[in-house]
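A structural walkthrough
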Amino acid sequence: QQQGQLRPTDQETIVHYHAHQLQQLVGPNASVEALRRSSHVLSTAIVLLRRFYLSNSVVQYHPRNIATAAALLATKVDCEPNLPVSVLFESAHVK
């Protein structure tokens, strides 16, 4: 392993951490009330995040950005009211 590269187990740990953090971003227990959605949206967002990283690397695509995109897409896919994008990005600290 070369310096600066992550082992697959390290990448899985990072993805698992960000999947867990999605609970604070969207879902029934989101930290910001405007972002609270059903547990189905949360589950869909986690599945989308994990599927993305089946064929992509956390080194190339920052998990926080992908988690935010997964939350937005999950809301659309599950026909929930739209997430306020500015609040979502601010809560996820995406720039």
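Presented here is a report on the structure given in the accompanying data block. Just so you know, the residues in each chain are numbered from 1, in the order the chain's sequence is written. Residue-level local features of this predicted model are given only where pLDDT is at least 70; pairs of side-chain atoms are given and counted only at 80 or more, and the full residue set underlies all totals for whole chains, interfaces and linings. Hydrogens and waters are ignored; side-chain quantities use all the structure's heavy atoms.

**Topic: the packing of aromatic side chains**
Planes of paired rings set the category: under 30 degrees apart is stacked, over 60 is edge-to-face and the rest tilted, where pairs are Phe, Tyr or Trp rings (Trp by its six-membered ring) whose centres lie within 6.5 Å. The full count for this structure, using the stated rule, is two aromatic pairs. Consider the rings of F52 and Y53, whose centres lie 5.1 Å apart with planes at 90°: the pair is edge-to-face. Exposed residues in this analysis have more than 50% of their type's maximum accessible area, buried residues have under 20%, and partly exposed residues fall in between, with area computed by a 1.4 Å probe over protein chains only. Judged by its relative accessible area of 10%, Y53 is buried. Considering the side-chain rings of F52 and Y61, the 5.3 Å spacing of their centres and the 85° angle between planes classify their relative orientation as edge-to-face.

**A few points about the packing of helix α1 (residues 8-25) against helix α3 (residues 63-77)**
For helices, the axis comes from a line fit to the C-alpha atoms of the stretch in contact; other axes are also lines fit to C-alpha atoms, and the angle between any two N-to-C directions lies between 0 and 180 degrees. Helix and strand labels come from DSSP, where a helix needs a run of H or I of at least four residues and a strand needs a run of E of at least two; each type is numbered from the N terminus. Between α1 and α3, whose axes approach to 10 Å, the crossing angle comes to 45°. Relative to α3, α1 is oriented oblique. In this structure, the crossing between α1 and α3 has a hand that is right-handed. In this structure, α1 uses I14, H18, L22 and L25 to contact α3, whose residues at the interface are P63, R64, A67, T68 and A71. Throughout this description, any angle smaller than 35 degrees is read as roughly parallel, any larger than 145 degrees as roughly antiparallel, any in the 65 to 115 degree range as roughly perpendicular, and the remainder as oblique. By convention, the crossing between two helices is left-handed when the near helix turns anticlockwise from the far helix through less than a right angle, and right-handed when the turn is clockwise. Here, residues are in contact when the closest pair of their heavy atoms is within 4.5 Å.

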